[in-house]
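# Structure assessment
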Amino acid sequence: MTLAAHNIPAGQNKTAVVTGASTGIGEATVRALAATGWKVFAVARRADRLGALGAETGAVPFPADITDDDDVAALLAAVTKAGGADTLINIAGGARGSDTIANADTEDWEWMYQVNVLGTMKITRAFLPMLRGNGQGTVLNLTSTAGLSAYEGGGGYNAAKFAQHAMTNALRLEEVGNNVRVIEVAPGLVYTEEFALNRLGDKEAAAKVYAGVEKPLTADDVADVVKYAVSLPHHINLDQIVVRPVAQAANHKLVRKQD
């Protein structure tokens, strides 16, 4: 599916702020948008990776922690000075731990809530006046199927992503009068460099997440969906896009092939 096939203009005078840009889906989204003519501000904490990405793609690297108010304010000031943006793509997030609620690690839960919920809120709150002022602003939140259906051992991540999902729905209702479209992309199983490793803290345990799964989604797959959603004519709002590999019919239904 190409933009040209749907008469979608390729990034003409379009500018996006993409968080979580140093790895995985965020990095792939920066590449996908930049390749089609978007100006992109690539935001994440790791300056070295952002610098390399910027040199390769032409994206503007901006090291920042979206949970830090001062960093968010500095980012807003930089984007404003550079001419503003019409699209905010909230990809920063993540999971930590797979404990049951009976054995929940408070620190893990607090981290997931800070990054997935409060971080998304803070940067969205900061950029909404700019997006409203543009007249055709877009916010896209990358949530997860973990925010649509709970599963054992996922309570903390479920809670954070359910909250982000609810916040996205509320934002759509609140901003429709300002012509700000609000899109949710909820991926299922995605094979990325760091997600499972960061969650489980062990390479062997992380490998088991994908063991036997034929063709899990890749970061590029999800980035293509994100690019498509934000590149459509502004009057078209894809409220919610759930994207899974064919092998995953639901959170609890995953086909694994045996060796």
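Each value, and the rule that gives it
- Residues numbered from 1 in each chain as written.
- Predicted model: local features only at pLDDT ≥ 70, side-chain atom pairs only at ≥ 80, totals over all residues.
- Heavy atoms only, no water.
- Helix = DSSP H or I, 4+ residues; strand = E, 2+ residues; numbered from the N terminus.
- Contact = heavy atoms within 4.5 Å.
- Areas by Shrake-Rupley, 256 points an atom, 1.4 Å probe, with all protein chains shown as cover.
- Salt bridge = Lys/Arg side-chain N within 4 Å of Asp/Glu carboxyl O.
- Buried < 20%, exposed > 50% of the residue type's maximum accessible area, 1.4 Å probe, protein only.
- Pairing = 2+ DSSP bridges.
- Right-handed = clockwise from strand over helix to strand, strands pointing away.
- Expected span 1.5 Å × (residues − 1).

A count of helical and extended segments in the chain gives 8 helices and 11 strands. The contacts in the chain between residues at least 6 apart in sequence include a share of 69% that link residues at least 24 apart. Of the roughly 12400 Å² of accessible surface on the chain, 52% is carried by carbon and sulfur atoms.

Attention shifts here to the pattern of salt bridges. For the structure shown, the criterion picks out 7 salt bridges. For E56, the salt bridge identified is with R31, shortest N-O distance 2.5 Å. Placement of the pair is E56 in helix 2 (residues 47–57) and R31 in helix 1 (residues 24–35), with a sequence separation of 25 residues. Judged by its relative accessible area of 56%, E56 falls in the exposed class. In this structure, the salt-bridge partner of R132 is E175, at a minimum N-O distance of 2.7 Å. Linking R132 in helix 4 (residues 106–134) with E175 in helix 5 (residues 155–175), this pair joins segments that are 43 residues apart in sequence. Members of the salt-bridge network, linked through shared partners, are E27, R31, R49 and E56.

Quick look at the environment of A73 now. By secondary structure assignment, the location of A73 is in helix 3 (residues 69–81). Among the residues examined, A73 registers a relative accessible area of 44% and is labelled partly exposed. On a C-alpha basis, the gap between A73 and F127 in space is 9.5 Å, while along the polypeptide they are 54 residues apart.

Bridge count between strand 2 (residues 39–44) and strand 3 (residues 60–63): 4 bridges; the pairing is parallel. Counted as the bridge partner of V43 is F62 from strand 3. In terms of handedness, the path from strand 2 via helix 2 over to strand 3 forms a crossover that is right-handed.

The next point concerns unusual backbone geometry. Unusually for a residue other than glycine, N179 sits at a positive phi of about 60°. Looking at the secondary structure, you find N179 in the loop between helix 5 and strand 6 (181–187).

Attention now goes to helix 5. End to end, helix 5 covers 30 Å across 21 residues, agreeing with the expected 30 Å (1.5 Å per residue, within 8%). Within the sequence span of helix 5, burial applies to G155, G156, Y157, N158, A160, K161, Q164, H165, T168, L171, R172 and E175.

What follows covers the environment of V243. Tracing the chain through its elements places V243 in strand 9 (residues 240–243). Judged by relative accessible area, V243 falls into the buried class, the value being 14%. Along the primary structure V243 and L217 are separated by 26 residues, whereas in three dimensions their C-alpha atoms are 8.6 Å apart.

Here the focus is the pairing of strand 1 (residues 15–19). The buried fraction of strand 1 is high, at 5 of 5 residues. Side chains of strand 1 alternate between two faces, with T15, V17 and T19 and A16 and V18 buried alike. In this structure, strand 1 lies alongside strand 2, joined through 5 bridges in parallel fashion. Paired with V18 across the strands is A42, a residue of strand 2. Judged from the 3 bridges that link them, strand 1 and strand 4 (residues 87–90) form a sheet pairing that is parallel.

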